[in-house]
Amino acid sequence: MADTFDIVIAGAGHNSLITAAYLAKAGYSCLVLEARPVIGGDTMTEELTLPGFLHDTCSTTHAIFMQSPIWRNQELPLADYGLEYLLPEPVSHVRFPDGTYLTQWQDIDRTCDEIARFSRHDAEAYRTMLTEWQSVAPIFNKARYTPAGWGMSTHQALAAHPQGTIWMRRQALSAWDIISAAFEDWHVRAWMLWFAEGTLQPAARPGTGTLAYSFVAGRQRNGWAIPKGGSGSLPMALGRIVTDHGGVILTDKPVSQLIIEQGRCVGVETTRGEQYRARHAVVSTIHIKNLVGMAPAEAWGEGFLYGVETYKAGRGMFVAHYATTEPPRFTIDGGMIEAVGAGVAQSPENQLHHDTFFRNGTISDERPTLLVLTPTVEDAARAPEGKHLIKVITFHPYELRQGPEHWDTVKDAVAEFNLAELRRYAPNLTDETILASDIRSPLDLERYNASNWHGSCHGGDQDPSQSELLRPAPGFAEHRMPIPGLYQTGATTHPGGSVTGGPGRNAAMVILKDLGKDFNTLLP
Ligand SMILES: Cc1cc2nc3c(=O)[nH]c(=O)nc-3n(C[C@H](O)[C@H](O)[C@H](O)COP(=O)(O)OP(=O)(O)OC[C@H]3O[C@@H](n4cnc5c(N)ncnc54)[C@H](O)[C@@H]3O)c2cc1C
């Protein structure tokens, strides 16, 4: 096999595979080098506990990706390659500490009826919020699938919208500012906060205002959309598109060095000293904190290095996977309910207070807010007959006062604490129903995938200092790195983390432009 390709791509998460798929479709020979034994990164489905139990190690829902032009317009023919999405009903079932609950249904009227049990005013406020969001959602979605710095900024697009000035203010406010002003009942406020913090942003932080709308609206529209077969179905389909267009994907190839000749990045070297050269471009999805160590400091320049030095990880995730004989069965009036997307929302005060544990580097000892995902409620084939997969998620700091390694001592106790909270509402999850478990702290998630740097499961914090034109570093948002020939994609670039495909598609647009090709000619 030739070790020179048109494009060499380091890392095989869904974003870099999307970049590879567009470039291969454009006729370029592409080589993808993945550090792990399998492709997919944080879109991974594997037998973590017992044979036949296909857990999503990281992401489970692809609700944002479903709104991407990649999927919606089948720019990449993923449906032909077997990718299929399931839209579970109910959308979500959330419990409150006083034993009450709120179920979200695909039918908005039915969801509003649920909210009205707490407050008629809040049911109407919910309906109004979703209607208002629909009028600006295309602006934010377009920004996600446009390289930062190309075309109109979100600010300019809002300025041209009839309610644009209102939305500029909403964008700058915190999600909590908006939720507390719109809703009167504490359960509904707690429920809205539970959604708003879903992308790991603290809801009281200025600049999170649109998260009061976007996450809940996405769920109301697409539900807890899950790929049939698991999150790994996406990279599997992408990988086949790449190879069917002549691309080559090699696993167990951790890249450790960039090859720089005459000031230009012309290839990469792996930890075993293998060299792979690129005629046109090297594309990285290596976390930028790790990438800067792969070339001499002078190659990056002071401005970029400062941008990387000041880049923050943000909140970390803590994940417990269980193989069980039953799904969580939540007791409701007149029976039981099972749901793919479920959770526990503590009071607003409790949820907002959680931020202090991040600041102090401590693990909360207060009753936890939980996200509980049980994909087998909808996709039974992912476990042996009648069995289930449950994932329980909480957010915690990676940097503990005692050091991140302290996680190895305490993680089992944290998982037990979270499980005890879940059992208050789903008492069927006894020791007898749990067959096996796999517990992953923020430190474990980093060990699993180097791109989860310091537990940054979304590539890094998404505060205003690390968003749009400032991501990953001011002056380098357009995927072009300071070293000519080197491009960056993945969650450290605009629009950031989550399964969106945005960074991957945007990087392909920039690279094709630099190669003198029109991206639009690739569209169906
Ligand atoms: C526990 C958890 C739950 C999540 N849940 C959701 C969810 O339900 N929905 C959602 O939308 N998002 C979720 N996310 C976030 C989302 O999964 C990620 O933001 C997204 O998948 C990142 O994709 P990516 O392609 O940018 O990078 P990654 O998926 O991180 O891929 C990067 C790839 O590069 C490889 N790599 C790194 N360094 C090297 C190197 N030196 N050499 C070669 N290869 C290298 C890695 O092994 C990896 O395969 C979750 C994340 C976590 C951790």
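What counts and what doesn't
Residues numbered from 1 in each chain as written. Predicted model: local features only at pLDDT ≥ 70, side-chain atom pairs only at ≥ 80, totals over all residues. Heavy atoms only, no water. Salt bridge = Lys/Arg side-chain N within 4 Å of Asp/Glu carboxyl O. Helix = DSSP H or I, 4+ residues; strand = E, 2+ residues; numbered from the N terminus. Buried < 20%, exposed > 50% of the residue type's maximum accessible area, 1.4 Å probe, protein only. Core = buried A, V, L, I, M, F, W, Y, C linked by side-chain atoms within 4.5 Å. Contact = heavy atoms within 4.5 Å. Axes fitted to C-alpha atoms, helices over the stretch in contact; angles between N-to-C directions. Parallel < 35°, antiparallel > 145°, perpendicular 65-115°, else oblique. Left-handed = near helix turned anticlockwise from the far one by under 90°. Pairing = 2+ DSSP bridges. Phe/Tyr/Trp six-rings, centres within 6.5 Å; stacked < 30°, edge-to-face > 60°. Lys NZ or Arg CZ within 6 Å of the ring centre and 35° of its normal.

A word on the pattern of salt bridges
Then step 1. Here the structure, examined in full by the defined rule, presents 26 salt bridges.
Then step 2. In this structure, Arg-315 engages Glu-197 in a salt bridge whose closest nitrogen and oxygen atoms are separated by 3.1 Å. Of this pair, Arg-315 sits in the loop between α13 (302–309) and β13 (316–324) while Glu-197 sits in the loop between α8 (186–196) and α9 (211–222); the two residues are 118 residues apart in sequence, bridging distant segments of the chain. Glu-197 matches Arg-315 in its accessibility class, with the two residues each being buried.
Then step 3. Where salt bridges share partners, they join Glu-197, Arg-315, Asp-355 and Arg-359 into one cluster.

Here we look at the nonpolar core
Then step 1. Counting residues in hydrophobic clusters, the biggest one holds 45 residues, and the most contacted among them are Phe-96, Tyr-126, Trp-133, Ile-179, Phe-183, Trp-191 and Met-192.
Then step 2. When residues of this core are traced back to their parent elements, those giving at least two are α3 (108–116), α4 (120–144), α5 (154–159), α6 (164–172), α7 (175–182), α8 and α9.
Then step 3. If one sorts the elements of this core by residue count, α4 sits on top with 10 residues.
Then step 4. Every residue in contact with Phe-183, bar those within four places of it in the chain, is listed here: Asp-122, Ala-125, Tyr-126, Met-129, Val-188, Arg-189 and Met-192.
Then step 5. Ile-9, Ala-12, Val-32 and Ala-225 belong to the second largest nonpolar core, which has 42 residues in total.

A look at the packing of α7 against α8
Then step 1. Between α7 and α8, the shortest axis-to-axis distance is 10 Å and the interhelical angle comes to 155 degrees. As the angle between them shows, α7 and α8 are arranged roughly antiparallel. Of the two elements, α7 crosses α8, and the hand of that crossing is right-handed. Together, Ala-175, Trp-176, Ile-179 and Ser-180 of α7 and Arg-189, Met-192, Leu-193 and Ala-196 of α8 make up the contact between the two elements.

A look at the sheet that holds strand β18 (residues 388–396)
Then step 1. Reading across the sheet, the seven strands line up as β7-β6-β16-β17-β18-β13-β19 and stay open at both edges, with mixed pairing between neighbours. What marks the edges here is a single partner per strand, and that holds for β7 (101–104) and β19 (434–440). Adjacent strand axes in the sheet meet at a mean angle of 15 degrees, parallel and antiparallel pairs treated alike.
Then step 2. Bridge analysis of β13 against β18 gives nine bridges, and the strand direction is antiparallel. Pairing of His-321 across the sheet is with Lys-391, part of β18.
Then step 3. Its contacts with the sheet place helix α15 (residues 407–425) against β6 (92–95), β13, β16 (341–344), β17 (370–373), β18 and β19, and it is angled at close to 65 degrees to β13.

Topic: the packing of aromatic side chains
Then step 1. Tallied over the full model, the rule gives 17 aromatic pairs.
Then step 2. Consider the rings of Trp-71 and Tyr-85, whose centres lie 5.0 Å apart with planes at 90 degrees: the pair is edge-to-face. With Trp-71 in helix α2 (residues 69–72) and Tyr-85 in strand β5 (residues 85–86), this pair connects stretches of sequence that are 14 residues apart. Residues Trp-71 and Tyr-85 agree in their burial class; the two are buried.
Then step 3. Members of the aromatic cluster, each reached through a chain of ring pairs, are Tyr-126, Trp-191, Trp-194, Phe-195, Phe-215 and Trp-224.
Then step 4. In this structure, Arg-170 packs its charged tip against the face of Trp-167, placed 4.6 Å from the ring centre.

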